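# Coordinate inspection notes
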Amino acid sequence: MIKRTTLLLLALALILSLGCTAAPVAATHTEGTLTVSFIDVGQADCILVYDGTHAVLVDGGNAADGELVVDYLKSQGISTLDYVVGTHPHEDHIGGLKTVLASMPVGAVIMPDQPADSSVYRHLIRAIADAGVTRIDALAGLSFTPGAFTMDVLAPVKDYDSLNDVSVVVRVVFGENSFLLTGDIEAEAEKDILATGVPLESDVLKAPHHGSNSSSTYVFLRAINPKMVAIMCGMDNDYGHPHEEPLSRFRDVGATVFRTDLMGTVVLTSDGHTITSNVDGIKSPVPHTQAADRAELANYIGNKNSKRFHLPTCDNLPLEKNRVRFDSREEALDAGFTPCGQCAP
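Notes on the structure follow. Since we're looking at a predicted model, the values are computed, not measured. (Residues numbered from 1 in each chain as written. Predicted model: local features only at pLDDT ≥ 70, side-chain atom pairs only at ≥ 80, totals over all residues. Heavy atoms only, no water.)

### Observations regarding the packing of aromatic side chains
What the rule picks out here adds up to three aromatic pairs. Relative to Phe144, the ring of Tyr83 has its centre 5.0 Å away and its plane inclined at 65°; by these criteria the two rings are edge-to-face. Of this pair, Tyr83 sits in strand 5 (residues 81-85) while Phe144 sits in strand 8 (residues 143-144); the two residues are 61 residues apart in sequence, bridging distant segments of the chain. Owing to a relative accessible area of 0%, Phe144 belongs among the buried residues under this scheme. Look at Tyr300 and Phe309: their rings are 5.5 Å apart centre to centre, the planes differ by 90°, and that puts the pair in the edge-to-face class. Each of the two residues, Tyr300 as well as Phe309, counts as buried. (Phe/Tyr/Trp six-rings, centres within 6.5 Å; stacked < 30°, edge-to-face > 60°. Helix = DSSP H or I, 4+ residues; strand = E, 2+ residues; numbered from the N terminus. Buried < 20%, exposed > 50% of the residue type's maximum accessible area, 1.4 Å probe, protein only.)

Written out as C-alpha cells, the structure reads:
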C-alpha cells in the first residue's frame, strides 16, 4: 500500500502537469459538448467522461470486460486517457482496468488508499507500476481539470471497514450541468458526505451500488435533487438490483431513470446548459418541480416507542401496532415526535 504522505506529494507534483488543484473550481469553458457514457458491462460499473479532447474513465467493469471497454474507447476515437478512477477495490469496478492500462497511455490513476486481499487488486497495482503510471490517493477536497470539465473528489472522507463505503465519489461539472458519480457507497458514507456540507446538487446521479436498497437514502437524494438517475446493473442479476425501494425513492424526487440492464449503454450529452440522452428514460409520474411539494404533503408515520416520525416509504418504519399517523410534519412535531434522520430530517 502506498503511504498517504507519499501519495500527497505525488498529487502535488501533478498540479502543473495534469491540472490538479487542491480546492474545487468551477468549469467556465463550455464550448462543445461533454458526453458521459454509462457503458453496459453487465453487473458492473464503467463510465466514460469525454469532452472530445480529454477523457476520464471511472471504473472498468469486471476483468472479463477489459477488451469490451477498450473497444468502446477506441470506437469513440480515444487513444489516451487523462485519468483513470478506480472507485474501490472490488472486481466489478477495477477488474477491467488492467487491460485498459496495457492498451493505451494513462496520465494518472486515482484510487482510495485502501488495499484488498484479492488477485484482481494485486494485478491492477502491478499493471500501474508496469505502465509507469502515477497513482494518486483519492482525498476529499482534491479537484482535477482535465479539459473543459472539472472533477471534484467528495469522498471518501474517512476510513471504513466496508470497501463499498470507501468508494471514490466524484462530482463532474461542465458549465451549468453536473454529474455525481458515486461508486458503491452505502448509507453510512452518504451520511458522512452530507455532514461535510459540500455541494451535492447535480443534474445526474449515478445510482450508488447498482441501485441497492443499502444506498440512495432519502436525505441524500434530497440534497442531490437529481433530474436523472443512471443505474448500472446486469439483466436478471443475482442481487435483484435495482431494488424496488430506491426505485420508489427515485420516483419520489421526480427523476428520469436510465438502466443499463434494460437500455444498454446510456450516453448523456451536455452542452453546458441542457442534457440529452441516446435512449428514452423511464420518466417519473411526479414532475421534478413537484418533488419537494410531494414530500412535504406526504403523510408521516410515528413510532409510539421511539417518538420518531418517518415518511411512509422509510426503511425503518415501526411495526403496525406501534404506529401513529400524522397528516403533516407540523402535526408530528407538535405531538412531540422528532424526525427520522434518514428519511425526514
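### With respect to the sheet that holds strand 19 (residues 323-326)
Picture the strands of a sheet paired through backbone hydrogen bonds; they go either parallel or antiparallel. The sheet built from four strands is open, its strands ordered 19-17-18-20 with mixed pairing. Where the open sheet ends on each side, the last strands, each with one partner, are strand 19 and strand 20 (338-339). In this sheet, strand 20 lies alongside strand 18 (residues 308-310) in parallel orientation, the contact comprising two bridges. Bridging from a neighbouring strand, Arg308 pairs with Thr338 of strand 20. (Pairing = 2+ DSSP bridges.)

### Side note on a negative patch on the surface
A cluster of acidic residues, Asp327, Glu330, Glu331 and Asp334, forms a negative patch on the protein surface. You can see Glu330 is positioned in helix 11 (residues 329-334). (Patch = residues over 30% accessible without salt bridge, like charges linked within 9 Å, V, L, I, M, F, W, Y side chains within 5 Å. Areas by Shrake-Rupley, 256 points an atom, 1.4 Å probe, with all protein chains shown as cover. Salt bridge = Lys/Arg side-chain N within 4 Å of Asp/Glu carboxyl O. Lys, Arg positive; Asp, Glu negative; His and termini not counted. Charge placed at Lys NZ, Arg CZ, Asp CG, Glu CD.)

### Side note on the environment of Leu333
Among the secondary structure elements, Leu333 is positioned in helix 11. Judged by its relative accessible area of 40%, Leu333 falls in the partly exposed class. Expressed as a C-alpha distance, the spacing of Leu333 and Lys307, which sit 26 residues apart in the sequence, is 9.9 Å. Setting aside residues no more than four positions away along its own chain, Leu333 makes contact with Phe309 and Pro339. (Contact = heavy atoms within 4.5 Å.)

### A short note on the side chain of Thr87
By secondary structure assignment, the location of Thr87 is in the loop between strand 5 and helix 3 (91-94). Looking at Thr87, its side chain comes within polar contact range of the side chain of His88, at 3.0 Å. With near-sequence residues (within four places) excluded, Thr87 lies in contact with Val58, Asp59, His93, Pro112, Val166, Ser167, Val168 and Gly183. (Polar contact = N/O pair within 3.5 Å; in protein donor to acceptor, adjacent residues only side chain to side chain.)

### Notes on the sheet that holds strand 16 (residues 275-277)
Overall, mixed pairing links the eight strands, which are arranged 7-6-5-4-3-2-15-16 in an open sheet. At either end of the open sheet lies a strand with only one pairing partner, and these are strand 7 (134-137) and strand 16. Ignoring which end each strand starts from, the neighbouring axes of this sheet average 20° apart. When strand 3 (residues 47-50) meets strand 4 (residues 55-58), the two strands line up antiparallel, connected through four bridges. Across the sheet, the residue bridging to Leu48 is Leu57, located in strand 4. Packed on one face of the sheet, helix 5 (residues 119-130) meets strand 6 (106-111) and strand 7 and runs near 145° to strand 6. (Axes fitted to C-alpha atoms, helices over the stretch in contact; angles between N-to-C directions.)

### Digging into helix 6 (residues 187-196)
Burial in helix 6 covers these residues: Ala189, Glu190, Asp192 and Ile193. The arc that holds the buried residues of helix 6, viewed along the axis, is 165°, so those residues lie on one side. Along helix 6, the residues that are exposed and aim more than 90 degrees away from the buried face are Lys191 and Ala195. Residues of helix 6 that are buried make contact with strand 9 (150-155), strand 10 (169-174) and helix 7 (218-224). Of the residues trailing helix 6, Gly197 is marked for its positive phi of about 80°. (Arc of directions from axis to C-beta.)

### Re the pairing of strand 11 (residues 177-181)
By the criterion of burial, strand 11 is predominantly enclosed, with five of the five residues buried. Along strand 11, one buried face is formed by Asn177, Phe179 and Leu181 and the opposite face, lined by Ser178 and Leu180, is buried too. Sheet analysis places strand 10 next to strand 11, joined by five bridges and oriented antiparallel. Each residue of the ladder has a partner; that of Arg171, found in strand 11, is Leu180. Two elements, strand 11 and strand 12 (residues 204-206), share three bridges in a ladder whose sense is parallel. When the sheet's bridge partners are listed, Leu180 is paired in strand 12 with Leu205. As a crossover connection, the stretch from strand 11 through helix 6 into strand 12 is right-handed. (Right-handed = clockwise from strand over helix to strand, strands pointing away.)

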